[in-house]
Amino acid sequence: MIAKLTDPERVAAFAELSAWQKVDGRDAMQRSFRFKDFVEAWGFMNRVALLAEKQDHHPEWSNVYNRVEILLTTHDCKGLSARDVTLARAIDALVGK
């Protein structure tokens, strides 16, 4: 079973992943991205999709033209887990934080 983050783990995760925000009403984190145009946004989504598939952990997300919204949570534990932190780090690495 996948465990939810403990309170100290949660504090450390949000301190490290400062671009990610807590989601009101959900045990989740989200981040917004803006790109030059749709093609650049779509390319980013393709790279994230490959990371997600490799980690077997898939985001909730949306795309409107040059904007991509990503929400991470672990449905198996109904909240944030180490899997979300790992994927958020990998996503940040794609955009240089």
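Cut-offs applied
- Residues numbered from 1 in each chain as written.
- Predicted model: local features only at pLDDT ≥ 70, side-chain atom pairs only at ≥ 80, totals over all residues.
- Heavy atoms only, no water.
- Helix = DSSP H or I, 4+ residues; strand = E, 2+ residues; numbered from the N terminus.
- Contact = heavy atoms within 4.5 Å.
- Pairing = 2+ DSSP bridges.
- Expected span 1.5 Å × (residues − 1).
- Buried < 20%, exposed > 50% of the residue type's maximum accessible area, 1.4 Å probe, protein only.
- Patch = residues over 30% accessible without salt bridge, like charges linked within 9 Å, V, L, I, M, F, W, Y side chains within 5 Å.
- Areas by Shrake-Rupley, 256 points an atom, 1.4 Å probe, with all protein chains shown as cover.
- Salt bridge = Lys/Arg side-chain N within 4 Å of Asp/Glu carboxyl O.

Things to note about the environment of leucine 72
Positionally, leucine 72 belongs in strand β4 (residues 67-72). Apart from residues no more than four positions distant in its own chain, leucine 72 is found in contact with Trp20, Ala28, Met29, Pro59, Leu80, Asp84, Leu87 and Ala88.

Looking at the pairing of strand β3 (residues 60-64)
Bridge analysis of β3 against β4 gives five bridges, and the strand direction is antiparallel. Bridge pairing in β4 places asparagine 63 opposite valine 68.

Some thoughts on helix α3 (residues 82-95)
When the terminal C-alpha atoms of α3 are compared, their 21 Å separation across 14 residues agrees well with the 20 Å that a helix rising 1.5 Å per residue should span. Those residues of α3 that sit buried are Asp84, Val85, Leu87, Ala88, Ala90, Ile91 and Asp92. Against α1 (7-16), β2 (29-34), α2 (38-55) and β4 lie the buried residues of α3. Looking one or two residues beyond α3, the residue adopting positive phi is glycine 96, at roughly 70°.

Some remarks on the side chain of serine 81
With respect to the element layout, serine 81 can be found in the loop between β4 and α3. If sequence neighbours within four positions are ignored, serine 81 has contacts with Ile2, Ala3, Leu5 and Thr74.

Remarks on a nonpolar patch on the surface
A cluster of nonpolar residues, Phe38, Val39, Trp42, Val64 and Tyr65, forms a patch on the protein surface that exposes about 530 Å² of accessible area. Structurally, the position occupied by phenylalanine 38 is in helix α2.

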